[in-house]
Amino acid sequence: MGLLTLGQPLTWNETRKYAEHVREHGIIQFINSYHKLKDRQDEYLKWGDEIEYMLIKFDKKQQRARVCLKAGELLSIMDEREKKEGNSRICLWRPEFGAFMIEGTPGSPYGASDLDLTLLSNFNEVEKNMKIRRQEIEALLSPDEALLCVTSFPRLGCPDFTWPQAQLDPAKSVTGSIFFPDEAIFGGHPRFRTLAQNIRHRRKRRVIINIPIYRDIKTPDPFIEEFNDEEAKEAIKADHVYMDAMGFGMGCCCLQVTFQASNLDEARILYDQLTPLCPIMMALSAASPIQRGYLCDLDCRWSVISQAVDDRTKEELGEEPMKFCKFRINKSRYDSIDSYISADGDKYNDIPLIYDQVYYDKMVKSGVDPLIAKHIAHLFIRDPVTLYREKLDQDDENDMDHFENIQSTNWQTMRFKPPPPSSPGIGWRVEFRPMEVQITEFENAALVVFIVLLTRIILTYRLNLLLPISKVDENMKEAQKRDAVQRCRFWFRKRIITQTSPPEASACLRAASTNDIKNCDEDIIDNDIDESCVLLTIDEIINGKSGMFPGLMPLLRHYLLSVEIDAETHCTINQYLNLISCRASGKYLTPAQWIRKFVQNHSDYKKDSVVSDKINYDLLKTIKKITKGKILCEDLVGDSSYIKDRLLNGDAK
Ligand code: ADP
Ligand code: MG
Ligand code: MG
Ligand code: MG
Ligand code: MG
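This report concerns the structure included in the present document. (Residues numbered from 1 in each chain as written. Chains lettered and ligands numbered in written order. Predicted model: local features only at pLDDT ≥ 70, side-chain atom pairs only at ≥ 80, totals over all residues. Heavy atoms only, no water.)

**Observations concerning the state of the cysteines**
And step 1. Scanning all chains against the criterion turns up zero disulfides.
And step 2. You can see Cys254 has no disulfide; the closest cysteine sulfur is in Cys253, sitting 7.6 Å from it.
And step 3. For Cys633, which is in no disulfide, the shortest distance to another cysteine sulfur is to Cys582 and amounts to 14 Å.
And step 4. By relative accessible area, Cys633 is classed as buried at 10%. (Disulfide = S-S within 2.5 Å. Buried < 20%, exposed > 50% of the residue type's maximum accessible area, 1.4 Å probe, protein only.)

**Notes on the coordination of the magnesium ion (ligand 4)**
And step 1. Glu52 (OE), Glu96 (OE) and Glu103 (OE) make up the full set of protein donors to the magnesium ion (ligand 4), lying at 2.0 to 2.1 Å.
And step 2. Donor residues for the magnesium ion (ligand 4), ordered by position in the chain, follow E-x43-E-x6-E.
And step 3. In this structure, the magnesium ion (ligand 4) lies 4.2 Å from the magnesium ion (ligand 2), and both are coordinated by Glu103.
And step 4. Residue class for Glu103 comes out buried when judged on its relative accessible area of 9%. (Donors = N, O, S within 2.8 Å, 3.2 Å for Na, K, Ca; no water.)

**Regarding the site of ligand 1**
And step 1. Around ligand 1, the surrounding shell holds 18 residues, and the nearest of these are Asp49, Glu50, Gln260, Lys417 and Glu431.
And step 2. One of the backbone N or O atoms of Gly48 is found 3.4 Å from an oxygen atom in ligand 1.
And step 3. Here a nitrogen atom of ligand 1 sits 2.8 Å away from a polar atom, N or O, in the side chain of Gln260.
And step 4. Relative to its free-state accessible area of 570 Å², ligand 1 is covered by the protein chains to the extent of 85%.
And step 5. Per-element tally for the shell around ligand 1: the top contributor is strand E1 (residues 44-59), with five residues. (Near = heavy atom within 4 Å. Polar contact = N/O pair within 3.5 Å; in protein donor to acceptor, adjacent residues only side chain to side chain. Areas by Shrake-Rupley, 256 points an atom, 1.4 Å probe, with all protein chains shown as cover. Helix = DSSP H or I, 4+ residues; strand = E, 2+ residues; numbered from the N terminus.)

**As for the coordination of the magnesium ion (ligand 5)**
And step 1. Distances from the magnesium ion (ligand 5) to its protein donors, Glu50 (OE), Glu50 (OE), Gln256 (OE1) and Glu431 (OE), fall at 2.0 to 2.6 Å.
And step 2. Taken as a pair, the magnesium ion (ligand 5) and the magnesium ion (ligand 2) show a spacing of 3.8 Å, with Glu50 coordinating each metal. Placement of Gln256 in strand E10 (residues 254-260) and of Glu431 in strand E16 (residues 429-436) is noted, with a sequence separation of 175 residues between them.
And step 3. Assessed through its relative accessible area of 6%, Gln256 is described here as buried.
And step 4. We classify Glu431 as buried; its relative accessible area is 2%.

**Some words on the packing of helix H22 (residues 552-561) against helix H23 (residues 567-585)**
And step 1. At a closest axis distance of 11 Å, the pairing of H22 and H23 adopts a crossing angle of 170°. With respect to H23, the axis of H22 lies roughly antiparallel. Here Met553, Leu556, Arg557 and Leu560 of H22 come into contact with H23, specifically with Ile573, Asn574, Leu577, Asn578, Ile580 and Ser581.
And step 2. Of the residues contributing to the contact of H22 with H23, the split by class is six nonpolar, three polar and one charged. (Axes fitted to C-alpha atoms, helices over the stretch in contact; angles between N-to-C directions. Parallel < 35°, antiparallel > 145°, perpendicular 65-115°, else oblique. Contact = heavy atoms within 4.5 Å. Nonpolar A, V, L, I, M, F, W, Y, C, P; charged D, E, K, R; others polar.)

This is the structure in structure tokens:
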């Protein structure tokens, strides 16, 4: 759990004075814990998912759906339960940025020793646990409320979008927003409002979010909104939907997975090898085509959230000459990673990394691995944006709060998580963070299990998926575009078997790509970076392209043949892999494609990109029915008898 310490938050003016203090001690804390824990070995693979949910209030009379600001109420009940039941909790609940959001995880991580096949039987628990999670909250809701997995609330920031109603107060609110009231920010913990306020004060203006609008036949051309507000007038862009508060991005829900590696080196490998999969999995999970009541030309939340927490000053952005700031910074605090950290990864680090030389030198001098030191020194170019008076002085031998302060406000596609010194049971972990939440537990579980299985083939077959990191960034931009799964191509490695791969890996590759023996067999080792990647569609990356690339799915399926699994688990895994495979091929829609189609086919839609209250209501009502197994959405999951049996009336089973 990031940094969620209670205390009295400092204003930006106070926080900035302590920025150097926080960083210096954060680095010392990292160095101390690194040396204590660098040789730590963990026998068990442990892993767990995090789902962020949205609370919705339906108003049948007015035919409106609003976000329901009752996370605080629910969390105090859940906190009580956690205190009473402790370790026997089946799920855990945590606050998120929105007062209409709540994050749920399994009560304890899934896990098993690597050789132990019970690892795979855990896979049957994932979807069940997700269902229990939802039902635990649902039991506390009234019939006109729902807990849904929607990545972005379509009419977030539109007039009267919250329940209870909240008044906008741009002059006094923490964000200064003309759309998003403070009441919609979770208030049960000072972290969230402080973050919003300090980010705005640091940049000396409101955040600016502009997302290209989806141009339909009746969309005004050019599309330019008028606002009676000076900052808005300056910030808007033609043909873009404008937003002005942290709550737009941080008010989106995502799906994350954390893995424990057996040691530091394995964590570095996983961090790097999963990086090229971030844009691919983001596109496959795309679920957020609507912002502030308009259909947009992007299908994912990433760009919204990246702009929503961008605390860079004009100097750091390169818009003004450098006077006070230390660095020009090329990315938001919320963005894709800038460097690989494993030994094999270094040669693919081709974008200039901005990092603090002094901290880097200090870490390296103490014996921290240079690539890890660079990564940390890169995170530490940022200022702390929340700080509590009670936490200023810490015991650098045993505390990690100053380190966590900077680490937990660098929101990147991957996160490298050192073991917390205070929890001896937890090892070196990496977190996979790009995915959007899916409507059903079935889909969420499928994505989670797919990623867990990929980590197994990456490690077992010692695959190399690395691309120059600049190409991963190019892929990130493509991945967010409308219908990226169908319309875009992505850089990917042609040859993923390495010199160190075991013989069964090439055998598997041969079996997985019958037409592909020449390309992948004779010259499977590849050292030329520029020659190593090609542009492929997501279908080709997942399902393979004959003569070019074997496909991740055939490799996975082959791997599964070599593992003993009980029939039930086997069946579950097969259904999950089938979903991913069909989504990649376009046979099934992504949630984003399905939502867009729903809007465009709605009788109230005027082909002008506007998602009205009535459309919003019907969309969310339909999502609720799908979630609860009242209807089956064939576009999303197919209509096989197995799927019907599994998903329809699921809640009654
Ligand atoms: P954060 O919000 O900082 O990413 P959370 O504590 O909310 O972290 O969730 C992290 C996820 O990691 C949860 O799914 C949890 O079950 C899982 N997890 C907990 N302990 C471990 C561990 N030792 N190894 C791997 N995953 C773990
Ligand atoms: Mg969490
Ligand atoms: Mg978190
Ligand atoms: Mg979260
Ligand atoms: Mg997380």
